[in-house]
Amino acid sequence: MAGVDYGERIPNNVNLSENRRLHRALEEWQPKFLHWWADMGPAGFQTKDVYLRTAISVDSQGWAHFDYLKMPDYRWGIFLAEPEPGRQVYFGAHKGSPAWQEVPGEYRGVLRRLIVTQGDTEPASVEQQRFLGQTCPSLYDLRNLFQVNVEEGRHLWAMVYLLDAYFGRDGREEAEALLKRRSGDPDKPRILGAFNEKTSDWLSFFMFTYFTDRDGKYQLASLAESGFDPLSRTCRFMLTEEAHHMFVGETGVGRIVQRTCELMRAHRTDDVRKLGGIDLPTLQRYLNFHYAVSLDLFGSEISTNAANFYTAGLKGRFEETKKDDDHRLTDGTYQVTTLDGDRIVTREQAALTSLNERLRDDYIADCARGLARWNQIIKRAGIDFELRLPHRGFHRAIGTFAEAKVSPDGRVITQAEWDARHHEWLPTEEDQTFIVSLMQPVTERGKFAGWIAPPPRGINGQPIGFEYVRQV
Ligand SMILES: [Fe+2]
Ligand SMILES: [Fe+2]
(Lines give C-alpha, C1' and ligand atoms only; values in the text may rest on other atoms or scores of the structure.)
(Ligands and ions follow the chains in the order given, each with its own letter.)
Protein backbone atom coordinates (compact mmCIF):
# COMPACT_ATOMS: atom_id res chain seq x y z
CA MET A 1 0.00 0.00 0.00
CA ALA A 2 1.21 3.50 -0.83
CA GLY A 3 2.58 5.18 2.30
CA VAL A 4 0.05 6.73 4.61
CA ASP A 5 1.81 9.06 6.99
CA TYR A 6 -0.23 8.94 10.19
CA GLY A 7 1.86 11.75 11.63
CA GLU A 8 0.62 14.18 9.03
CA ARG A 9 -2.22 16.52 9.76
CA ILE A 10 -4.05 15.39 6.68
CA PRO A 11 -4.01 11.59 6.47
CA ASN A 12 -3.60 10.58 2.86
CA ASN A 13 -2.27 8.05 0.40
CA VAL A 14 -1.45 10.62 -2.28
CA ASN A 15 2.08 11.44 -1.12
CA LEU A 16 1.01 14.83 0.07
CA SER A 17 4.27 15.49 1.88
CA GLU A 18 6.15 15.35 -1.43
CA ASN A 19 3.99 18.00 -3.05
CA ARG A 20 4.69 21.20 -1.14
CA ARG A 21 2.37 23.40 -3.20
CA LEU A 22 -0.60 21.09 -2.76
CA HIS A 23 0.22 20.50 0.88
CA ARG A 24 0.18 24.22 1.53
CA ALA A 25 -3.07 24.76 -0.38
CA LEU A 26 -4.81 22.07 1.68
CA GLU A 27 -3.33 23.26 4.94
CA GLU A 28 -4.69 26.69 4.15
CA TRP A 29 -8.10 25.26 3.34
CA GLN A 30 -8.29 23.05 6.43
CA PRO A 31 -9.04 25.79 9.03
CA LYS A 32 -11.71 27.18 6.73
CA PHE A 33 -13.24 23.74 6.52
CA LEU A 34 -13.18 23.38 10.32
CA HIS A 35 -14.79 26.79 10.61
CA TRP A 36 -17.53 25.69 8.21
CA TRP A 37 -17.94 22.45 10.20
CA ALA A 38 -18.34 24.41 13.45
CA ASP A 39 -20.87 26.75 11.83
CA MET A 40 -22.81 24.36 9.62
CA GLY A 41 -22.01 20.84 10.84
CA PRO A 42 -24.07 18.98 13.45
CA ALA A 43 -25.52 21.42 16.00
CA GLY A 44 -24.37 20.35 19.47
CA PHE A 45 -22.52 17.11 20.28
CA GLN A 46 -19.20 18.49 19.03
CA THR A 47 -17.51 17.77 22.35
CA LYS A 48 -19.06 14.30 22.77
CA ASP A 49 -17.25 11.04 22.13
CA VAL A 50 -18.86 9.29 19.18
CA TYR A 51 -18.13 5.71 18.15
CA LEU A 52 -17.01 6.43 14.60
CA ARG A 53 -15.48 4.63 11.70
CA THR A 54 -12.45 6.37 10.23
CA ALA A 55 -10.63 5.54 7.03
CA ILE A 56 -6.95 5.38 7.89
CA SER A 57 -5.92 3.51 4.73
CA VAL A 58 -7.63 2.01 1.71
CA ASP A 59 -6.90 -1.67 2.32
CA SER A 60 -9.48 -4.00 3.81
CA GLN A 61 -8.19 -3.58 7.39
CA GLY A 62 -7.64 0.15 7.36
CA TRP A 63 -10.64 1.70 5.71
CA ALA A 64 -13.00 0.95 8.60
CA HIS A 65 -11.21 1.67 11.86
CA PHE A 66 -13.70 2.09 14.77
CA ASP A 67 -13.04 4.17 17.87
CA TYR A 68 -14.47 6.88 20.09
CA LEU A 69 -13.74 10.30 18.69
CA LYS A 70 -14.95 13.88 18.98
CA MET A 71 -16.28 14.94 15.60
CA PRO A 72 -13.97 17.95 15.08
CA ASP A 73 -11.04 15.54 15.62
CA TYR A 74 -12.21 13.22 12.86
CA ARG A 75 -9.32 12.62 10.47
CA TRP A 76 -10.75 13.89 7.22
CA GLY A 77 -8.25 12.32 4.93
CA ILE A 78 -7.57 11.99 1.23
CA PHE A 79 -7.72 8.47 -0.05
CA LEU A 80 -7.72 7.16 -3.57
CA ALA A 81 -8.40 3.56 -4.51
CA GLU A 82 -5.22 1.76 -5.56
CA PRO A 83 -4.21 2.44 -9.18
CA GLU A 84 -4.96 -0.21 -11.78
CA PRO A 85 -1.76 -0.76 -13.74
CA GLY A 86 -2.22 -0.06 -17.45
CA ARG A 87 -5.71 1.39 -17.02
CA GLN A 88 -7.15 2.82 -20.23
CA VAL A 89 -9.93 5.19 -21.19
CA TYR A 90 -12.67 2.65 -21.60
CA PHE A 91 -15.30 4.57 -23.58
CA GLY A 92 -15.94 7.49 -25.91
CA ALA A 93 -13.76 9.01 -28.59
CA HIS A 94 -10.50 8.28 -26.71
CA LYS A 95 -11.31 4.63 -26.04
CA GLY A 96 -8.11 2.62 -25.83
CA SER A 97 -5.71 5.44 -24.98
CA PRO A 98 -4.00 5.35 -21.57
CA ALA A 99 -6.08 6.85 -18.75
CA TRP A 100 -5.13 10.48 -18.10
CA GLN A 101 -3.04 11.25 -15.04
CA GLU A 102 -3.32 14.98 -15.71
CA VAL A 103 -6.35 16.99 -16.83
CA PRO A 104 -6.62 16.98 -20.63
CA GLY A 105 -6.47 20.68 -21.54
CA GLU A 106 -9.48 20.65 -23.87
CA TYR A 107 -11.73 19.25 -21.10
CA ARG A 108 -10.52 21.35 -18.23
CA GLY A 109 -13.68 23.45 -17.91
CA VAL A 110 -16.20 20.59 -18.09
CA LEU A 111 -14.20 18.37 -15.82
CA ARG A 112 -13.93 21.08 -13.18
CA ARG A 113 -17.70 21.63 -13.43
CA LEU A 114 -18.38 17.90 -12.95
CA ILE A 115 -16.17 17.80 -9.85
CA VAL A 116 -17.64 20.97 -8.36
CA THR A 117 -21.21 19.77 -8.90
CA GLN A 118 -20.48 16.46 -7.19
CA GLY A 119 -18.44 18.15 -4.46
CA ASP A 120 -21.20 20.65 -3.69
CA THR A 121 -23.64 17.90 -2.67
CA GLU A 122 -21.35 16.69 0.13
CA PRO A 123 -21.35 19.74 2.46
CA ALA A 124 -24.94 20.48 1.37
CA SER A 125 -26.28 17.29 2.96
CA VAL A 126 -24.39 18.00 6.20
CA GLU A 127 -26.06 21.41 6.30
CA GLN A 128 -29.47 19.87 5.63
CA GLN A 129 -29.03 17.42 8.50
CA ARG A 130 -27.58 19.91 10.93
CA PHE A 131 -30.30 19.87 13.58
CA LEU A 132 -31.32 16.22 13.49
CA GLY A 133 -29.07 15.20 16.37
CA GLN A 134 -31.31 17.05 18.77
CA THR A 135 -34.27 14.76 18.02
CA CYS A 136 -32.50 11.41 17.59
CA PRO A 137 -34.64 8.27 18.10
CA SER A 138 -31.71 6.47 19.80
CA LEU A 139 -27.96 6.65 20.41
CA TYR A 140 -27.51 4.04 17.67
CA ASP A 141 -29.24 6.29 15.13
CA LEU A 142 -27.45 9.38 16.43
CA ARG A 143 -24.12 7.71 15.81
CA ASN A 144 -25.18 6.68 12.30
CA LEU A 145 -26.19 10.26 11.51
CA PHE A 146 -22.79 11.54 12.63
CA GLN A 147 -21.01 8.80 10.70
CA VAL A 148 -22.79 9.90 7.54
CA ASN A 149 -22.00 13.56 8.31
CA VAL A 150 -18.25 13.12 8.86
CA GLU A 151 -17.98 10.97 5.73
CA GLU A 152 -19.78 13.58 3.62
CA GLY A 153 -17.20 15.98 5.04
CA ARG A 154 -14.47 13.61 3.89
CA HIS A 155 -16.06 13.41 0.43
CA LEU A 156 -15.81 17.18 0.26
CA TRP A 157 -12.12 16.83 1.10
CA ALA A 158 -11.76 14.28 -1.69
CA MET A 159 -13.20 16.68 -4.27
CA VAL A 160 -11.22 19.63 -2.93
CA TYR A 161 -8.06 17.55 -3.28
CA LEU A 162 -8.83 17.08 -6.98
CA LEU A 163 -9.53 20.80 -7.44
CA ASP A 164 -6.36 21.86 -5.62
CA ALA A 165 -4.11 19.23 -7.12
CA TYR A 166 -5.20 19.47 -10.76
CA PHE A 167 -6.90 22.81 -11.42
CA GLY A 168 -4.48 25.41 -10.07
CA ARG A 169 -5.87 28.78 -9.15
CA ASP A 170 -9.45 28.22 -10.46
CA GLY A 171 -9.49 25.01 -8.49
CA ARG A 172 -8.55 26.86 -5.32
CA GLU A 173 -11.31 29.40 -5.91
CA GLU A 174 -13.85 26.63 -6.40
CA ALA A 175 -12.64 24.96 -3.19
CA GLU A 176 -13.35 28.17 -1.29
CA ALA A 177 -16.75 28.58 -2.94
CA LEU A 178 -17.74 25.06 -1.82
CA LEU A 179 -17.58 26.35 1.76
CA LYS A 180 -19.54 29.50 0.97
CA ARG A 181 -22.75 28.25 -0.62
CA ARG A 182 -25.44 27.21 1.86
CA SER A 183 -28.22 24.67 1.50
CA GLY A 184 -31.57 26.43 1.10
CA ASP A 185 -30.11 29.96 1.10
CA PRO A 186 -31.94 31.95 -1.60
CA ASP A 187 -28.87 34.17 -2.22
CA LYS A 188 -26.18 31.49 -2.35
CA PRO A 189 -27.94 28.12 -2.68
CA ARG A 190 -26.29 24.76 -3.25
CA ILE A 191 -26.11 23.84 -6.94
CA LEU A 192 -28.71 21.04 -7.13
CA GLY A 193 -32.38 21.28 -6.13
CA ALA A 194 -32.67 18.26 -3.83
CA PHE A 195 -29.79 19.63 -1.77
CA ASN A 196 -31.69 22.80 -0.96
CA GLU A 197 -34.69 20.95 0.51
CA LYS A 198 -35.06 20.73 4.27
CA THR A 199 -34.26 17.53 6.14
CA SER A 200 -36.04 18.54 9.30
CA ASP A 201 -37.07 15.17 10.69
CA TRP A 202 -35.75 11.62 10.85
CA LEU A 203 -38.28 10.16 8.43
CA SER A 204 -36.97 12.63 5.85
CA PHE A 205 -33.39 11.73 6.82
CA PHE A 206 -33.94 8.03 6.23
CA MET A 207 -35.75 8.72 2.94
CA PHE A 208 -32.92 11.07 1.96
CA THR A 209 -30.20 8.53 2.70
CA TYR A 210 -32.18 5.86 0.84
CA PHE A 211 -33.08 7.86 -2.26
CA THR A 212 -30.70 10.82 -2.50
CA ASP A 213 -27.51 9.12 -1.32
CA ARG A 214 -28.39 6.46 -3.87
CA ASP A 215 -28.34 9.11 -6.58
CA GLY A 216 -24.86 9.81 -5.21
CA LYS A 217 -23.95 6.17 -5.70
CA TYR A 218 -24.94 6.29 -9.38
CA GLN A 219 -23.19 9.60 -10.04
CA LEU A 220 -20.03 8.37 -8.29
CA ALA A 221 -20.16 5.04 -10.09
CA SER A 222 -20.30 6.73 -13.48
CA LEU A 223 -17.49 9.12 -12.50
CA ALA A 224 -15.52 6.09 -11.24
CA GLU A 225 -15.44 5.01 -14.91
CA SER A 226 -13.79 8.31 -15.87
CA GLY A 227 -10.75 8.35 -18.12
CA PHE A 228 -9.33 11.00 -15.74
CA ASP A 229 -7.70 8.49 -13.43
CA PRO A 230 -7.47 10.56 -10.21
CA LEU A 231 -11.22 11.20 -10.38
CA SER A 232 -11.91 7.53 -11.00
CA ARG A 233 -9.78 6.42 -8.04
CA THR A 234 -11.28 9.06 -5.74
CA CYS A 235 -14.84 8.04 -6.58
CA ARG A 236 -14.10 4.33 -6.24
CA PHE A 237 -13.00 4.83 -2.66
CA MET A 238 -15.95 7.14 -1.85
CA LEU A 239 -18.35 4.41 -2.99
CA THR A 240 -17.18 2.11 -0.20
CA GLU A 241 -18.34 4.71 2.34
CA GLU A 242 -21.51 5.58 0.44
CA ALA A 243 -22.78 2.03 0.90
CA HIS A 244 -23.17 2.67 4.63
CA HIS A 245 -25.27 5.80 3.99
CA MET A 246 -27.73 3.81 1.91
CA PHE A 247 -27.74 1.08 4.57
CA VAL A 248 -28.77 3.72 7.12
CA GLY A 249 -31.63 4.76 4.81
CA GLU A 250 -32.85 1.30 3.90
CA THR A 251 -32.74 -0.09 7.42
CA GLY A 252 -34.11 3.16 8.89
CA VAL A 253 -37.22 3.08 6.71
CA GLY A 254 -37.45 -0.70 7.17
CA ARG A 255 -37.45 -0.33 10.96
CA ILE A 256 -40.20 2.30 10.78
CA VAL A 257 -42.26 0.00 8.55
CA GLN A 258 -41.71 -2.82 11.02
CA ARG A 259 -42.77 -0.74 14.01
CA THR A 260 -45.87 0.48 12.16
CA CYS A 261 -46.86 -3.09 11.30
CA GLU A 262 -46.34 -4.19 14.91
CA LEU A 263 -48.64 -1.41 16.12
CA MET A 264 -51.24 -2.19 13.45
CA ARG A 265 -51.35 -5.85 14.44
CA ALA A 266 -51.23 -5.40 18.20
CA HIS A 267 -54.04 -2.85 18.20
CA ARG A 268 -55.96 -4.12 15.17
CA THR A 269 -56.05 -0.68 13.58
CA ASP A 270 -54.74 1.22 10.56
CA ASP A 271 -54.74 4.42 12.57
CA VAL A 272 -51.37 4.12 14.27
CA ARG A 273 -50.89 7.87 14.65
CA LYS A 274 -52.76 7.89 17.91
CA LEU A 275 -50.36 5.16 19.08
CA GLY A 276 -47.35 7.29 18.17
CA GLY A 277 -46.54 5.38 14.98
CA ILE A 278 -46.22 6.53 11.38
CA ASP A 279 -49.06 5.21 9.20
CA LEU A 280 -48.18 3.53 5.91
CA PRO A 281 -49.92 6.14 3.67
CA THR A 282 -47.78 8.85 5.26
CA LEU A 283 -44.66 6.77 4.57
CA GLN A 284 -45.82 6.48 0.96
CA ARG A 285 -46.19 10.26 0.65
CA TYR A 286 -42.69 10.91 2.04
CA LEU A 287 -41.33 8.24 -0.27
CA ASN A 288 -43.05 9.89 -3.27
CA PHE A 289 -41.49 13.23 -2.46
CA HIS A 290 -37.92 12.06 -1.92
CA TYR A 291 -38.00 9.76 -4.93
CA ALA A 292 -39.21 12.53 -7.23
CA VAL A 293 -36.63 15.12 -6.14
CA SER A 294 -33.91 12.47 -6.43
CA LEU A 295 -35.01 11.53 -9.98
CA ASP A 296 -34.53 15.19 -10.93
CA LEU A 297 -30.86 14.93 -9.98
CA PHE A 298 -30.19 12.82 -13.07
CA GLY A 299 -31.07 15.75 -15.34
CA SER A 300 -33.00 15.94 -18.62
CA GLU A 301 -33.91 12.77 -20.49
CA ILE A 302 -32.18 14.05 -23.61
CA SER A 303 -28.93 15.81 -22.89
CA THR A 304 -26.12 16.87 -25.17
CA ASN A 305 -24.03 17.59 -22.07
CA ALA A 306 -24.32 13.96 -21.00
CA ALA A 307 -23.37 12.90 -24.55
CA ASN A 308 -20.34 15.21 -24.49
CA PHE A 309 -19.16 13.97 -21.08
CA TYR A 310 -19.32 10.43 -22.41
CA THR A 311 -17.66 11.07 -25.76
CA ALA A 312 -14.90 12.98 -23.97
CA GLY A 313 -14.30 9.94 -21.75
CA LEU A 314 -15.07 11.88 -18.54
CA LYS A 315 -18.27 10.24 -17.26
CA GLY A 316 -19.24 6.71 -18.22
CA ARG A 317 -22.31 4.58 -17.75
CA PHE A 318 -23.04 2.64 -14.57
CA GLU A 319 -20.79 -0.45 -14.80
CA GLU A 320 -19.40 0.73 -18.13
CA THR A 321 -16.72 -1.95 -18.29
CA LYS A 322 -19.33 -4.71 -17.96
CA LYS A 323 -21.47 -3.46 -20.86
CA ASP A 324 -21.33 -5.63 -23.94
CA ASP A 325 -21.18 -3.07 -26.77
CA ASP A 326 -18.72 -0.77 -28.56
CA HIS A 327 -18.46 1.74 -25.64
CA ARG A 328 -18.72 4.58 -28.14
CA LEU A 329 -22.50 4.51 -28.67
CA THR A 330 -22.32 6.56 -31.85
CA ASP A 331 -24.91 4.38 -33.64
CA GLY A 332 -26.82 2.90 -30.70
CA THR A 333 -30.32 3.75 -29.57
CA TYR A 334 -32.10 3.67 -26.22
CA GLN A 335 -35.78 3.54 -25.20
CA VAL A 336 -36.75 6.76 -23.46
CA THR A 337 -40.06 7.40 -21.71
CA THR A 338 -41.26 10.86 -22.58
CA LEU A 339 -44.22 13.18 -22.81
CA ASP A 340 -46.14 13.58 -26.07
CA GLY A 341 -48.84 16.18 -25.50
CA ASP A 342 -50.98 14.63 -22.79
CA ARG A 343 -49.71 11.10 -23.36
CA ILE A 344 -46.70 9.28 -21.97
CA VAL A 345 -44.90 7.34 -24.67
CA THR A 346 -41.68 5.39 -25.12
CA ARG A 347 -39.45 6.47 -27.98
CA GLU A 348 -36.26 5.17 -29.44
CA GLN A 349 -33.63 7.88 -29.05
CA ALA A 350 -29.93 8.18 -29.80
CA ALA A 351 -28.03 6.26 -27.11
CA LEU A 352 -25.51 9.05 -26.59
CA THR A 353 -27.97 11.80 -25.74
CA SER A 354 -30.06 9.37 -23.60
CA LEU A 355 -27.33 8.67 -21.06
CA ASN A 356 -29.04 10.54 -18.22
CA GLU A 357 -32.15 8.47 -18.73
CA ARG A 358 -30.16 5.25 -18.84
CA LEU A 359 -28.51 6.10 -15.52
CA ARG A 360 -31.94 7.02 -14.10
CA ASP A 361 -33.24 3.60 -15.22
CA ASP A 362 -30.38 1.85 -13.38
CA TYR A 363 -31.20 3.92 -10.32
CA ILE A 364 -34.93 3.16 -10.48
CA ALA A 365 -34.27 -0.59 -10.66
CA ASP A 366 -32.02 -0.28 -7.60
CA CYS A 367 -34.63 1.75 -5.67
CA ALA A 368 -37.23 -0.92 -6.39
CA ARG A 369 -35.12 -3.62 -4.70
CA GLY A 370 -35.29 -1.87 -1.32
CA LEU A 371 -39.03 -1.34 -1.68
CA ALA A 372 -39.47 -5.05 -2.25
CA ARG A 373 -37.71 -5.70 1.07
CA TRP A 374 -39.90 -3.16 2.89
CA ASN A 375 -42.97 -4.77 1.33
CA GLN A 376 -41.80 -8.16 2.60
CA ILE A 377 -41.94 -6.77 6.15
CA ILE A 378 -45.54 -5.63 5.56
CA LYS A 379 -46.48 -8.93 3.97
CA ARG A 380 -44.95 -11.00 6.76
CA ALA A 381 -47.10 -9.02 9.20
CA GLY A 382 -50.15 -10.14 7.20
CA ILE A 383 -51.05 -6.59 6.22
CA ASP A 384 -52.57 -5.83 2.86
CA PHE A 385 -50.61 -2.77 1.74
CA GLU A 386 -47.85 -2.22 -0.76
CA LEU A 387 -45.40 0.66 -0.96
CA ARG A 388 -44.82 1.70 -4.57
CA LEU A 389 -42.43 3.85 -6.50
CA PRO A 390 -44.51 6.55 -8.18
CA HIS A 391 -44.28 6.95 -11.94
CA ARG A 392 -41.08 8.67 -13.04
CA GLY A 393 -43.14 11.61 -14.33
CA PHE A 394 -44.66 12.33 -10.92
CA HIS A 395 -43.83 15.71 -9.35
CA ARG A 396 -40.82 16.38 -11.52
CA ALA A 397 -39.16 19.78 -11.85
CA ILE A 398 -36.51 18.84 -14.42
CA GLY A 399 -36.87 17.23 -17.84
CA THR A 400 -39.86 16.63 -20.06
CA PHE A 401 -42.26 15.81 -17.21
CA ALA A 402 -41.73 19.20 -15.59
CA GLU A 403 -44.20 20.52 -18.17
CA ALA A 404 -47.05 18.28 -17.02
CA LYS A 405 -48.88 17.08 -13.95
CA VAL A 406 -48.53 13.32 -13.67
CA SER A 407 -50.25 11.15 -11.06
CA PRO A 408 -48.25 8.53 -9.14
CA ASP A 409 -49.85 5.82 -11.31
CA GLY A 410 -48.58 7.53 -14.44
CA ARG A 411 -51.55 9.43 -15.89
CA VAL A 412 -51.16 12.94 -17.27
CA ILE A 413 -53.78 14.85 -15.32
CA THR A 414 -55.27 18.34 -15.35
CA GLN A 415 -54.16 21.09 -13.03
CA ALA A 416 -57.61 20.84 -11.41
CA GLU A 417 -57.13 17.14 -10.59
CA TRP A 418 -53.63 17.86 -9.28
CA ASP A 419 -54.95 20.63 -7.04
CA ALA A 420 -57.70 18.39 -5.74
CA ARG A 421 -55.53 15.35 -5.08
CA HIS A 422 -51.89 16.27 -4.50
CA HIS A 423 -52.43 16.09 -0.73
CA GLU A 424 -53.01 12.33 -1.19
CA TRP A 425 -49.64 12.03 -2.88
CA LEU A 426 -47.20 14.40 -1.19
CA PRO A 427 -46.58 15.14 2.50
CA THR A 428 -49.10 17.71 3.68
CA GLU A 429 -48.50 20.36 6.26
CA GLU A 430 -50.51 18.25 8.64
CA ASP A 431 -48.29 15.23 7.94
CA GLN A 432 -45.21 17.32 8.58
CA THR A 433 -46.59 18.73 11.81
CA PHE A 434 -47.41 15.21 12.96
CA ILE A 435 -43.98 13.80 12.03
CA VAL A 436 -42.22 16.68 13.74
CA SER A 437 -44.36 16.09 16.85
CA LEU A 438 -42.92 12.55 17.04
CA MET A 439 -39.35 13.82 17.00
CA GLN A 440 -38.57 13.68 20.71
CA PRO A 441 -34.99 12.78 21.54
CA VAL A 442 -34.28 9.35 23.03
CA THR A 443 -30.74 9.19 24.41
CA GLU A 444 -30.99 6.43 27.01
CA ARG A 445 -28.75 3.49 26.16
CA GLY A 446 -30.60 0.72 24.33
CA LYS A 447 -33.88 2.67 24.16
CA PHE A 448 -35.66 3.59 20.93
CA ALA A 449 -38.39 6.09 20.02
CA GLY A 450 -41.85 4.52 19.75
CA TRP A 451 -42.16 5.07 16.00
CA ILE A 452 -39.14 2.96 15.02
CA ALA A 453 -38.12 -0.63 15.79
CA PRO A 454 -34.62 -1.36 17.14
CA PRO A 455 -32.16 -2.73 14.58
CA PRO A 456 -31.47 -6.47 14.60
CA ARG A 457 -27.82 -5.85 15.52
CA GLY A 458 -25.45 -3.08 16.53
CA ILE A 459 -22.52 -1.44 14.75
CA ASN A 460 -19.21 -3.28 14.32
CA GLY A 461 -20.32 -6.22 16.46
CA GLN A 462 -21.26 -4.02 19.43
CA PRO A 463 -24.55 -4.66 21.24
CA ILE A 464 -27.61 -2.56 20.40
CA GLY A 465 -27.44 -1.02 23.87
CA PHE A 466 -23.83 0.09 23.42
CA GLU A 467 -23.10 3.72 24.29
CA TYR A 468 -22.63 4.83 20.68
CA VAL A 469 -22.49 8.46 21.72
CA ARG A 470 -21.13 9.11 25.20
CA GLN A 471 -23.38 11.29 27.30
CA VAL A 472 -20.65 13.05 29.28
FE1 LIG B 1 -20.95 11.58 -0.21
FE1 LIG C 1 -23.57 9.85 1.19
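The structure presented is a predicted model; accordingly, all values stated were derived computationally and were not measured.

Draft legend 1. The arrangement of the overall build of the chain in detail. Across its full length, the chain carries 11 helices and 6 strands. Since a compact globule built from 472 residues should have a radius of gyration of about 23 Å, the 23 Å found for the chain is in line with a globular shape. Projected onto its principal axes, the C-alpha positions of the chain cover 65 × 60 × 40 Å. In the chain, which comprises 472 residues, the share counted as buried stands at 58%. Residue pairs at least 24 apart in sequence account for 71% of intrachain contacts in the chain once pairs closer than 6 positions are excluded.

Draft legend 2. Representation of the coordination of the iron ion (ligand 2). At 1.8 to 2.2 Å from the iron ion (ligand 2) lie its protein donor atoms, namely E152 (OE), D213 (OD), E242 (OE) and H245 (ND1). One chain supplies every donor to the iron ion (ligand 2), and in sequence these donors are spaced E-x60-D-x28-E-x2-H. For the pair the iron ion (ligand 2) and the iron ion (ligand 1), the metal-to-metal distance amounts to 3.4 Å, and E152 bridges them. Here E152, found in helix α3 (residues 139-166), pairs with E242, found in helix α6 (residues 229-267); they are 90 residues apart in sequence, far enough to count as distant.

Draft legend 3. Structural detail: helix α1 (residues 20-40). Its 21 residues place the ends of α1 30 Å apart at the C-alpha level, agreeing with the 30 Å of an ideal helix rising 1.5 Å per residue. Maximum bend of α1: about 25 degrees, positioned at Q30, with proline P31 one to four residues after it. For α1, the set of buried residues is L22, H23, A25, L26, W29, Q30, F33, W36, W37 and M40. The secondary structure elements touched by the buried residues of α1 are α2 (108-128), α3 and α4 (168-177).

What counts, and where the lines are drawn
- Residues numbered from 1 in each chain as written.
- Chains lettered and ligands numbered in written order.
- Predicted model: local features only at pLDDT ≥ 70, side-chain atom pairs only at ≥ 80, totals over all residues.
- Heavy atoms only, no water.
- Helix = DSSP H or I, 4+ residues; strand = E, 2+ residues; numbered from the N terminus.
- Rg over C-alpha atoms; globule rule 2.2 N^0.38 Å.
- Buried < 20%, exposed > 50% of the residue type's maximum accessible area, 1.4 Å probe, protein only.
- Contact = heavy atoms within 4.5 Å.
- Donors = N, O, S within 2.8 Å, 3.2 Å for Na, K, Ca; no water.
- Expected span 1.5 Å × (residues − 1).
- Bend = angle between axes of the 7 residues up to and from the residue.

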